Structures are given as structure tokens and as C-alpha cells.
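The chain contents come next:
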There are 2 protein chains.
Amino acid sequence: MTDALKNDRFLRALRREPTDTTPIWVMRQAGRYLPEYRATRERAGSFMGLAQNPEYACEVTLQPLERFELDAAILFSDILTIPDAMGLGLSFAHGEGPQFAHPVRNAADVAKLAVPDMDGELRYVMDAVRLIRRELRGRVPLIGFSGSPWTLACYMVEGAGSRDFATLKAMCWNEPKLAHQLLDTLAQSVATYLIAQAAAGAQALMIFDTWGGLLGPAPFREFSLRYMAQIVAALKADATARELPVILFSKGAGAHLADMAGSGCAALGVDWTIDLADARRAVAGKVALQGNLDPAVMRASPEVIRREARAVLDSYGNHPGHVFNLGHGITPEVDPDNLKVLVDEVHAYGCILRGS
Amino acid sequence: MTDALKNDRFLRALRREPTDTTPIWVMRQAGRYLPEYRATRERAGSFMGLAQNPEYACEVTLQPLERFELDAAILFSDILTIPDAMGLGLSFAHGEGPQFAHPVRNAADVAKLAVPDMDGELRYVMDAVRLIRRELRGRVPLIGFSGSPWTLACYMVEGAGSRDFATLKAMCWNEPKLAHQLLDTLAQSVATYLIAQAAAGAQALMIFDTWGGLLGPAPFREFSLRYMAQIVAALKADATARELPVILFSKGAGAHLADMAGSGCAALGVDWTIDLADARRAVAGKVALQGNLDPAVMRASPEVIRREARAVLDSYGNHPGHVFNLGHGITPEVDPDNLKVLVDEVHAYGCILRGS
């Protein structure tokens, strides 16, 4: 656990310290666009078979690092591990996204929920973190993660994916106490989960609030941000986790960045619908920023990928505190060679930008 | 055509003139949440059978006005009438959304496209406008509308709905001249279409840029806003259409409101992810605003609907230039009585807000 990092650009950028160039990793870098990922997944038999087996999870986590000069690894897992461990019966219907056999709809359902056992139902996640950390041998830092309470609740109450997750929203409006009870149980669970990942060896933590952007400003603060801030506070109270920078990412939440910057996190993920110069103004130097190339650019030519990567770097400018990423996960039809083009351009132009 | 309007609150608000209370209409007010709409649709046999028959289109356009004190009617039609009239073969697969039999993928496909004949393939739309206008007998103004060039192109190039419409984005990056040729043909078509709707009796015009929010700031200006501004300019050059206020609505485009306010339009639609006070600051008094209650609130109790409606009205404040609407279309599972609660509260509290 104490091996020195050979590449700490990512952690330095999250602390807003100077770096030789801009660090980059991409969401879903261990994903279906890689033929070696598809091969491992085939051996595993299913997505959950892949995610719940520490050896497979370690294997696919490391695959993109073999191809590209990425500056961070991220635990291969699913955002819905916590509700699955709570007994809701997660499955992935063919091409349909996640589904829960036992959605949470009423007070009795919420009352049954308890913080899962990190040495029990979720031990496979900690085993994967330990194994990946060992196999990384200090090449780059390992990011642990969780879905946000709001986003977990979206799926748990709806029972599946949705365009608007109106079932949870209706609960928030009609039974706000019940919604808060659910979100509080989830915030405790996520905090416990991330503390366990930190203890197992994660070196940074990210909270994916995939559906926070579905909320208006006031409900976002009340039902999403409040619980992410509660988690950050719980992490700060833990001797190991307090050392880890925390990244919050609410997709479609460009209007909420100023609020989010006050949550105690180290960095905010930003999607591509807002200019990073505007995002920097919004957060007023309080946090680092991670983003924000439109993932659809990865389907363009190498020339366009390079040009758009430089535009993102220029929009942040020559300031500390930028981690390059896509504004959302890399998609399955992307040619892996295009990610090499991106990573190399970010590192090369990041040097030029610094005049180094 | 020259009958005086009995209720011109909506048009006055779009011109930012004082009104006795805040006008309200809601997107998809003629929709599946109404049992009488479902009955007419059943008689019509299909969605396109409903949209392409002027008598049915008139019938469903008027249905919500019989139940609620709405301040505007909107033509019942589909946003994809133009590409359908261009010969792309629109159909609605069961529960799957729109599909085109002949998507637009290359230069030959784009070269084949021509502005449709407003007295030919699209005559049914103008017939519907004329009939609705006659049947309205001046009760409230009639809104005509079209999809934006960007949004039409999204479906035409993808061939169906999509989460990210990456096929059109790839065309924009890899073959920008071809994308601009397509968007220019669509802008000419939309301008001609809206001018024809104005001539047939529409009293305000709205452009739905449903997917503009998928673009970052620079591509939004280049591929979406530019063509909406081109349409507004063409409308201003037409003796009839120039009198009609134009509303632009790009969903998820909170970051682009300042750019959009300079397009020559009268008003901007705003979704619920941005506070109307912030939106007012962004547009700096240049345009009226239309919005922005979260449509999911319509599933809450009457008390919550009233409270949230007042919050939206308060966020705009006692200034001229607010048209109340949902931030997106009303959804099928909403109890129609809840829309009555909303309409009545907006009118009642709109009076209180004005101290009248």
C-alpha cells in the first residue's frame, strides 16, 4: 500500500498543484470499445459475472492502461452494487439496462433497507480494489467510486432505467420524509462503501450523480447535493479516507456548479454542454475540474479529435487543477486507436500550454 | 382571420407588455393524458392518421381548451412532418418512437432533399391551421410550430431516436460542409413551412430544438442556433409572418440562453433545470421567457402543484414577459384534474403577484 506512485499527475491536479502536463483518464475506459474487454466479458458470461469476480474486474481495469498512457485507473464495477447488496435483485435485461426485481415504493420497503456489509455482500468489491492496487504496482493512482444517493434512489424507486425517473420525483414531492429517509440510508451506505474502498487501497474517490441533472436548482440541493455533501463530511471524519480527493459528477448540472463547489469535494466533473472557462468562473477557484470533451468527438477523425482536445485544454487555460476527461463515458463503437490519439494530444498540448 | 382575440394575454406577454395575470399553456396539452384525446386517436387508427387528418387534428387541438382556461392553442402535429414530406418515410414503431425508412447518410442523400411543397405534401398542415383558426373563433391565439433544423437533422441522419445522436455529430465533425448543406436545406424548409402556417392563420410560431442541448456551446452556435436565427430572419422578411412572435426552445440549453436571446426571436422556452431569475439575468431583458415547471410535478398532489407553480411565478417575479409552461411536455399518466389545478393557480397567483 505504501509503494510510491510513479505517476501522480492526476492526484496533483486534483489538489490544484502544478503538473508537467494535463492528466487524462476517460469514463468507461475499461469498456466495450476494447476487443480485449469484450473477450473477458464473454469468458465471464455476463456483466455482473464480470463485475463480481475480482480477477476479471482487475483484468479489465488494467486493460486500457496497457494500450494508452492514461494517468489513472478506475475500479471496474457497476454504480448499482449497493442496492444489489441491499437485496433488490439487480439484473441486466438484454439491451435494456438495469432492472430491480424488488423496487422500493413505500415506507415498508424503505424501512427494510440497511447499510450492506462491506465484508459480506460487498466483499467482492474490496477484494477487487486490493487486487487491482497490487497489480498496478504504483503505475498510476486507482479511483474508487459509487453512484450518488439520488442516482441510486432513481433506479431503486423506478425499478429500472427511465427518461425522467418521475416515480422518485413524485415520492420527493408527495412523501418528502420517506424520500429523505431513503436518501439518508443510501448516504450512510455510500459513505461506508467509499471508506471501505479507501481502506482497501483506493487513492481517489468519485461519486457519479448520473441523474442529478434531472432536478431543478432547489430540489437538486435538497435531494441530491445535500447527501453528497453528507458523504464527503463522513469521509473527512475517517482517518484513511480523509486523505483521498473526492470528485463529484452530476451530469447535466452546469447550472449547479457553484452550489456543488461548496460541498467539500476536491473536484467537479463537468459535461460538454458548458465551457470550462465558464465552469471555472462558477466554481471560483474552490475546486479542480474534470472534463469535458463531448464523447461523440471520439467518432470523428484524428485531426478533429486533436483540434477539439486542444479547444478543451484552451478553455481551461494554463491554470492548475484540470483533469482531462470526456463529458460522459466512451461509447462502444469508438475505434480504440482514437483514444490513443486523444491521450497523446492531451499530454503533448498540455505541455505546450504550460510553456514547458 | 380578422376576428378580434377575446384573450390576448399570451401575445401581450410575448411582446413583454403588461397583462392582468400570467398566461399559461402547456406543451403536449393535446395529448395522451386526456381520455378524449385517446378516444379520437383510436378512431384515427394511428398517430400519423391523427396528425395528417385536419378534422382530427382540429378536434384534439381544441379538446384541452374545453377543460382548462388555457391562454393559447397549439396546432396538433408532429415535429417530423418536414422530413416525412421530403420522402424519408416516417413511421412510429410500436412504443419505439419515430423511425425513417430512408435515413440521410451521405452527399447523394443530402443532394436529393428539396424544400417540400406547402400546397402539396404539407397541405394537410395548412388545412388544419385554417380549420383550427376558424373553430377557435378568437378565443385564444393559435401557435404554429416546427422542429428546428438541428433536431430534424438528428432524426434524419440517425434514422430513429437516439440518446446522443452521434451519427449526425460525426457528420458535423467529419464532413462539416455536408452537414451545413443539410441544415441549410432544412432551414429554408422550416422558414417556408412557418411562413405558410402564418399565411394559414397561425398567430405565434415556435421552433422546437429538442436536441440542441446535446451540443457544447460552440457547436450549438454553429449547427443549431445559426439556422434558427436564419429562419427568424426569413420570417422577418415576410409581410405576414413578420408580425408573429417567435419562440425558440432548446431543451437542456440553459448555458446558451444569452446567445439565443440575440437571435431575433421574441421569447425563449426554458426547461426546469435553471432558475427563471438566472434565466432573466442571462437574457438581459431582450426576450420574454416561457416555462419552466418540472413536468414531473404534475404527478404530485394539488397542494404541491400549487406551491411549485407559485415558486416558478416568484422566480420570474413581477415583470412583464412571462408565459407559464412546463419545462417539457405533459406526460401520459398525469391526472387531467391536476392541469386544472395548475392553470387556476397560475392565473390566481399571477394576479396576486401583480397586486391586481
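Please read these numbers as outputs of a predicted model, since none were measured by experiment. Residue indices begin from 1 for each chain and proceed along its sequence in written order. Chain A is the first chain written and ligand 1 is the first ligand written, with later ones labelled in order. With pLDDT at 70 or above as the cut-off, local features in this predicted model cover only qualifying residues; side-chain atom pairs require 80 or more to be listed or tallied, and sums for whole chains, interfaces and linings still use all residues. With hydrogens and water stripped out, all remaining heavy atoms of the structure feed into the side-chain values.

> Explain the relation of the copies chain B and chain A to me, using residue names and the numbers behind them.
The copies were overlaid with a least-squares fit restricted to C-alpha atoms from residues scoring a pLDDT of at least 70 in each copy. Superposing chain B onto chain A takes a rotation of 180° plus a shift of 0.0 Å along the axis, which leaves an RMSD of 0.0 Å. Both copies are brought into coincidence by an operation consistent with a two-fold rotation axis. Only heavy atoms enter the contact rule, under which two residues are in contact if any of them lie within 4.5 Å. Here 100% of the interface residues in chain B have copies in chain A that are interface residues too; the copies meet face to matching face.

> Provide a residue-level description of unusual backbone geometry, including the pertinent values.
Following G291 of chain A, the chain continues into N292 of chain A via a peptide bond in cis, with omega recorded as 0°. Helix and strand assignments come from DSSP, with helices taken as H or I runs of at least 4 residues and strands as E runs of at least 2, each series counted from the N terminus. Within the secondary structure layout, N292 of chain A lies in strand 8 (residues 288-293). One non-glycine residue, R137 of chain A, lies in the positive phi region at around 50°. By the element assignment, R137 of chain A lies in the loop between helix 7 (123-136) and strand 4 (142-147). Three labels apply to residues, based on accessible area from a 1.4 Å probe with only protein chains included: buried if under 20% of the type maximum, exposed if over 50%, partly exposed otherwise in between. Overall, the relative accessible area of 57% leaves R137 of chain A in the exposed class. Here the phi dihedral of A284 of chain B falls at roughly 50°; this positive angle occurs in a residue that is not glycine.

> Can you lay out the environment of S189 of chain A for me, pointing to particular residues and giving the numbers?
Residue and element names in this part refer to chain A. Examined against the element boundaries, S189 turns out to sit in helix 10 (residues 176-200). Using a relative accessible area of 0% as the deciding quantity, one classes S189 as buried. Counting along the chain gives 73 residues from S189 to P116, while the straight-line C-alpha distance between them is 6.8 Å. Excluding its chain neighbours within four sequence positions, the residues that come into contact with S189 are I82, M86, A114, V115, P116 and M118.

> Describe the sheet that holds strand 8 of chain A, listing the residues and the values that go with them.
To summarise the sheet geometry, strands pair through backbone hydrogen bonds and adopt either a parallel or an antiparallel arrangement. All names here are of chain A. The pairing criterion is simple: DSSP has to find at least two bridges between the two strands. One open sheet accounts for seven strands, arranged 1-4-5-6-7-8-9; its pairing is parallel. Strand pairing shows two members of the sheet lacking a second neighbour, strand 1 (73-74) and strand 9 (322-326), which therefore form its edges. Both strand 4 and strand 5 (residues 204-209) contribute to a ladder of five bridges, which runs parallel. Across the sheet, residue G144 finds its bridge partner in strand 5, namely L205. In this analysis an axis means a line fitted to C-alpha atoms, helices contributing only their contacting stretch, and an angle means the value between N-to-C directions, from 0 to 180 degrees. This element, helix 10, spans strand 4 and strand 5 of the sheet and lies at about 165° to strand 4.

> Can you break down the pattern of salt bridges residue by residue, with the values?
All names here are of chain B. Salt-bridge detection follows one rule: a side-chain nitrogen of Lys or Arg within 4 Å of a carboxyl oxygen of Asp or Glu. Counted according to the given criterion, the structure contains 34 salt bridges over all chains. Between E17 and R12 there is a salt bridge; the shortest N-O distance is 3.5 Å. Note on E17: relative accessible area 26%, which makes it partly exposed. Owing to a relative accessible area of 28%, R12 belongs among the partly exposed residues under this scheme. Two residues, K340 and D344, come together in a salt bridge whose shortest N-O distance is 2.7 Å.

> Which residues make up the interface of chain B and chain A, and what values do they have?
Taken together, the 28 residues of chain B in the interface contact 28 residues of chain A. Throughout, the accessible surface (probe 1.4 Å) given up by two parts as they are put together, summed over both, is called the buried area. Buried surface at the junction of chain B and chain A, both sides included, amounts to about 2100 Å², of which 57% is carbon and sulfur. Considering only the surface of chain B that becomes buried against chain A, W173, T273 and R299 of chain B emerge as the three largest contributors, covering 29% of it. Where K169 of chain A meets D294 of chain B, a salt bridge forms, and the shortest distance between an N and an O atom there is 2.7 Å. For the purposes of these results, a polar contact is taken to be a pair of N or O atoms within 3.5 Å, where, inside protein, one atom must be able to donate a hydrogen and its partner to accept one; residues adjacent in sequence count only when each atom of the pair is a side-chain atom. Run the count over chain B and chain A and you get six residue pairs in polar contact (both at pLDDT 80 or more). Considering every element that reaches the side of chain B that touches chain A, the biggest residue donor is helix 9 (residues 166-174) of chain B, with six residues.

Interpretation in functional terms is not warranted from these geometric data alone.
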